[in-house]
Amino acid sequence: MDVSPQAAGSPEHQSVLQERWIAHRRIVRKRWFVVFGLAALAIVAALLDLFTGPAALPVNKVLHGLFDPDTLSRPMKVVLWQVRLPVALMALLVGAALALAGAEMQTILSNPLAEPFTLGVSTSAALGAALAIVLDWGVPGTGGAWLVPANAFVFALGSLLLLQVFAHWRGAQAQTLVLFGIAIGFTSGACLSLLQFIASEDALQQLVFWNMGSLARADWSSVGMLAAVVGVTLPFSWRAAAQMTSLRLGDERARSFGIDVSSLRRWALVRISLLAATGVAFVGTIGFVGLVGPHVARMLVGDGHRHLLPASVLIGASLMALASVVSKLLVPGVLLPVGIVTALIGLPVFLGLMLRRRSMQA
Amino acid sequence: MTPLLTFEVHDLDVSYRNRCVLSGISLPRVQAGEIIALVGPNAAGKSTFLKAIAGLVHATGRIELSGQDCLGWSVRERARHIGFMPQALPEDTSLTVLEGTLAALLGPGGRITRADELRALEMIESLGIGELALQPLMQLSGGQRQLAALAQAVVRGSPLVLLDEPVSALDLAHQWEVMNVARGLAAEGRIVMVVLHDLTLAAQWADRIAILHQRSIHSFGIPDEVITERALQDVWGVAARVRTCEQGRPYVLVDGPAGFAPHTFTSFEKTERL
Amino acid sequence: MKGGPLRGLRWLAQLSVVSVLWAGVPAYAEIEVVDQAGRTVRLTEPARRIFLSEPGDFAMLAMLDEHPATRIVAWNRWRLDDHTVAQWRSIDPTAFDNIEQLVIDGPQNLSAEALIVHEPDLVVLDHFFGKATQVVRQLEQAGIPVAILKLEPDLTKQNPADGLEKLAVLIGHADRGKEVSEFIRSRRDRVIQRVHGILGKGVQRPTVLMEPHAGIGPCCLSMGVGRSMGDLVILAGGQLIGNEIIEEMSGRLGPEYVIAQDPEVYIGTGGRHLERRGGLVLGVGVEPDTAQASLRRVMERVGLEPIRAVQNGRVHGLWHSGYGIVNLELIATWLHPEHFRDIDPAMTQEEMDRRFMPTRQRGTFWTSLSMTEN
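Computed from a predicted structure; not experimentally measured.

1. Some details on the domain arrangement of chain C
Residues and elements named next belong to chain C. For chain C, the domain assignment lists domain 1 (31-182) and domain 2 (204-369). Distance from the C-alpha centre of domain 1 to the C-alpha centre of domain 2: 28 Å. Contacts between the two partners involve 16 residues from domain 1, matched on the other side by 18 residues from domain 2. Of all elements in the fold, only helix 2 (57-64) and helix 3 (82-89) reach the threshold of two or more residues within the side of domain 1 that touches domain 2. Looking at which element gives the most residues to the side of domain 1 that touches domain 2, the answer is helix 3, with three residues. A breakdown of the residues in the side of domain 1 that touches domain 2 according to their chemical character gives six nonpolar, six polar and four charged.

2. Some points on the sheet that holds strand 10 (residues 239-240) of chain C
Residue and element names in this part refer to chain C. Strand order in this open sheet of five strands is 10-8-12-14-16, and the pairing throughout is mixed. In the strand order of this sheet, the two ends are held by strand 10 and strand 16 (366-369), each with one partner. Helix 11 (residues 288-298) rests against strand 12 (265-270), strand 14 (315-319) and strand 16 of the sheet, and its axis sits at about 55° to strand 16. The strands touched by helix 13 (residues 324-335) within the sheet are strand 8 (207-211), strand 12, strand 14 and strand 16, with strand 12 carrying the most contacts at an inclination of about 155°.

3. Thoughts on the sheet that holds strand 7 (residues 160-164) of chain B
All names here are of chain B. Read across the open sheet, the six strands follow the order 6-7-8-3-9-10; overall the sheet is mixed. The open sheet has two edge strands with one neighbour each: strand 6 (82-85) and strand 10 (216-221). Ignoring strand direction, the axes of neighbouring strands in this sheet form an average angle of 15°. Looking at chain direction, strand 3 (residues 35-39) and strand 9 (residues 208-213) are connected through four bridges and run parallel. Each bridged residue has a counterpart across the sheet, and for Ile-36 the counterpart in strand 9 is Arg-208. Across the face of the sheet, helix 5 (residues 142-154) comes into contact with strand 6 and strand 7 while running at roughly 165° to strand 6.

4. Describing the packing of helix 3 (residues 97-106) of chain B against helix 4 (residues 114-126) of chain B
Residues and elements named next belong to chain B. Contact pair helix 3 / helix 4: the axes reach a minimum separation of 9 Å and the direction vectors enclose 115°. The way helix 3 lies across helix 4 gives a crossing that is right-handed. Contacts from Val-97, Leu-98, Thr-101, Leu-102 and Leu-105 of helix 3 reach helix 4 at Asp-116, Glu-117, Arg-119, Ala-120, Leu-121, Met-123 and Ile-124. A breakdown of the residues in the contact of helix 3 with helix 4 according to their chemical character gives eight nonpolar, one polar and three charged.

5. So, the interface of chain A and chain C
Counting residues at the interface gives 21 residues for chain A, matched by 19 residues for chain C. Elements represented by at least two residues in the side of chain A that touches chain C include exactly helix 3 (74-108) and helix 7 (201-212) of chain A. No other element matches the six residues that helix 3 of chain A contributes to the side of chain A that touches chain C. Among the residues making up the side of chain A that touches chain C, the classes are represented as ten nonpolar, seven polar and four charged.

6. Considerations on the arrangement of the chains
By number of contacts, the leading pair among the two pairs of chains in contact is chains A and B. Chain C makes no contact with chain B, the minimum C-alpha separation between the two being 44 Å.

7. Focus: helix 3 of chain A
Residues and elements named next belong to chain A. Taking 1.5 Å per residue as the helical rise, helix 3 with its 35 residues ought to reach 51 Å, and the 50 Å between its terminal C-alpha atoms agrees with that figure. Of all the 35 residues making up helix 3, 32 are buried; the element is thus mostly covered by neighbouring parts of the structure. Positioned one or two residues after helix 3, Ser-110 has a phi angle of 50°, which is positive.

8. Section: the domain arrangement of chain B
Residues and elements named next belong to chain B. As far as domains go, chain B holds domain 1 (6-90 + 157-227) and domain 2 (229-274). Distance between the C-alpha centres of domain 1 and domain 2: 27 Å. On the side of domain 2, eight residues touch domain 1, which itself brings 14 residues to the contact. Elements with a contribution of two residues or more to the side of domain 1 that touches domain 2: helix 7 (199-205), strand 9, strand 10 and helix 8 (223-226). In terms of residue count, helix 7 provides more of the side of domain 1 that touches domain 2 than any other element does, four residues in total.

Cut-off values and rules
- Residues numbered from 1 in each chain as written.
- Chains lettered and ligands numbered in written order.
- Predicted model: local features only at pLDDT ≥ 70, side-chain atom pairs only at ≥ 80, totals over all residues.
- Domains from an automatic or database assignment.
- Contact = placed C-beta atoms within 7 Å.
- Helix = DSSP H or I, 4+ residues; strand = E, 2+ residues; numbered from the N terminus.
- Nonpolar A, V, L, I, M, F, W, Y, C, P; charged D, E, K, R; others polar.
- Pairing = 2+ DSSP bridges.
- Axes fitted to C-alpha atoms, helices over the stretch in contact; angles between N-to-C directions.
- Left-handed = near helix turned anticlockwise from the far one by under 90°.
- Expected span 1.5 Å × (residues − 1).
- Buried ≥ 20, exposed ≤ 12 C-beta atoms within 10 Å, placed from the backbone.

In structure tokens:
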């Protein structure tokens, strides 16, 4: 086994290295191809979402209507542009946001089975929504249609900020975060149950429905807000990609590379908070996308964040778009809450992933 | 590698949660090209010492690298000068050996160039795991993973290399390889500090040995002077025999716990076998 | 008029042309109504393709039009039991089968797209469904008029059948709307004036336990004020126990509390949907014996036996989908039997069915357990 670097100059040695380098580049290129393929998948899924719905709009009309809205009758224009298009875009954005948050969360918690709601965010958001629905409490200044989402957002963000405070106080290791997150989740859950107990029938129904997660509330302003949040966080996630990849090798190792690990974790948590809180505020609780998206992405393109992030985002977006389609088609005439669909599909997929993981390790 | 590379430690104190882990550690000047072995019983603070130098735990005192005090350095600054290989193997990840090495090379960020990739491949090759360059770390054996971790620690070319129990999971052949790499690194003009449990291994490869005992340095010097039967009894609490091999290096044979007299043990007649 | 006869002729010609044109213009009868949310609803002609958001709305429309099914394109029937639905269908099966029956449990499940696809010319939403402001906006953008109306008469309001009147205008049957409204209002006024008199003479309000969905769980659910049924008890001169505890629709009172409160009258509400769950069964196609037996069963629950209402035989049951005005009269006769002997709710129901409904409802819509069987 040649250990000394002295033979480095020899031509055989060089060509061996060259070969390996070419092989490495090929793998990298393959990964980018996968990413582009996923982008195409997301577009197809979004189009499918646009094509489905109770109003029987033929495909060519939809396509024409996208480019030249006036080719449609007035009601159909509203159907396409005010109903279906916001829903389709919201599906893409929520899927992207949750998957992005999930990818980052799985890295900073060193747990491939973590998702943005592992830290009790969804329960806190539900608590916020419940306060708005049952007691009409909310952020002053928000009213009407904004009362519930604003409150859900504030509580979701608040719970994650609380987590940051705990982490700062006790040290931001992965385990600490999870434990505190669980504690916050349970507390929120208890308060939520109390609210459900005193809620009127009306409010209760609304609350339960909100908890199931639904894209039906999407309109252009909420789509715009979520797009803004995703648009702002994505560049930061991208910039941190190399450092997050190093984090996969372990805290100490990453630190020895010169990376400020606690700062990295803190900022990642900020990004995760924004994404999860905004997603939940507008759509309610959607499970599994933040878990399955990055997981599948990891199986396709590996752990390196430079590929993992775009892949996760695109898979998440596609998943939600497809879930939206299924929610419209599964029971004829009924629009299922999309959170139910992701749970129904997500569970077997999740189990499948777990079994596969087991067999890979065995 | 700066020709004036030196390393010394003055009065280093490390506390963790109000408990004193290291107290008054001082190391006289170490020159470039030296391999220093850190030995001692469990929980003596060997890993902590290395981590303190690497900046992973908080310490007070003075650590001088080429005359500059490292304790004031930022994380990035330290990474530039110090390469650290932690005790734990890299976690379960599908990152390849090459990707791990590249991550180490890049540190806090920057773009990966072709030159970087080739340099990383070079490093991996020189450690003898060249064929595994594109294998995911999770699929490697313990020994291979340790070599990959070694690549990550040294690829940046840092003048001071700290290895925390680099051979713990390795078989004899790989142990030899790692120590040989350390020897090679030292020959390049770096300073290598290695934490080892195996005294014989330490005595064979190190230029000087530091024994850590009860939170401070018990002794520091060339293997012959430091590895004595007396030291083995006082520090490790074992009765042992120290012999010298043909190369002039000591090796250690442990008979039993301190105070053990072979004749009181009826079933094994160890002394006869010698 | 200077200028000679030619000038005058020209003037006459212009006038006649204008008159002819004016006479030839079709009567542009625009219907305009301000709904209960203050929104102005405009139709160019009476609505013939209506969406109704509440199960009970079908009955309301039936009071205004003999062929209600021909005016409806889609209807949220939600949990309406099959028997009632069959009864409505029997009026005009072909037209009824053309109606899209939807099951929408709340405003969050209301989909603009699903409504637009039926091309309605009027969407009627009650206040509950009117909360789906986003959907209302989308419908308006699509050019579909939306009216927020509670069609079911609210007997606590000055003009109980306000919503019904407005719908009547929107379908071009304004007179009929006024007729129904007048009937309901006069009957309501008759009751409350008498109650006013009774209370004025110093009679105490009897305490009432009103239990919605009677019998499906342990004792007892209780109706609060602010929502239909509970309000009827107040109007009829009674008071609900648990009032201080429960707001809105319903809440649970423990058996101990009920015994401690010792209500004088028990009124449960039920329907056919409670059949399978062992509750109070009333409604279309139910036999009187079945209804009474179910009420007896309901009263066998723990906590009810010792109360005054049971001991004195003042136990009654109401159909949850009955006419509000009939229910009001029933409750009044139960709470103050001596003072309301001349009022016969059955007659009121019969008159409403005869005058306003295209079909007579057959079944048992109230029942009682009393010392003497009535």
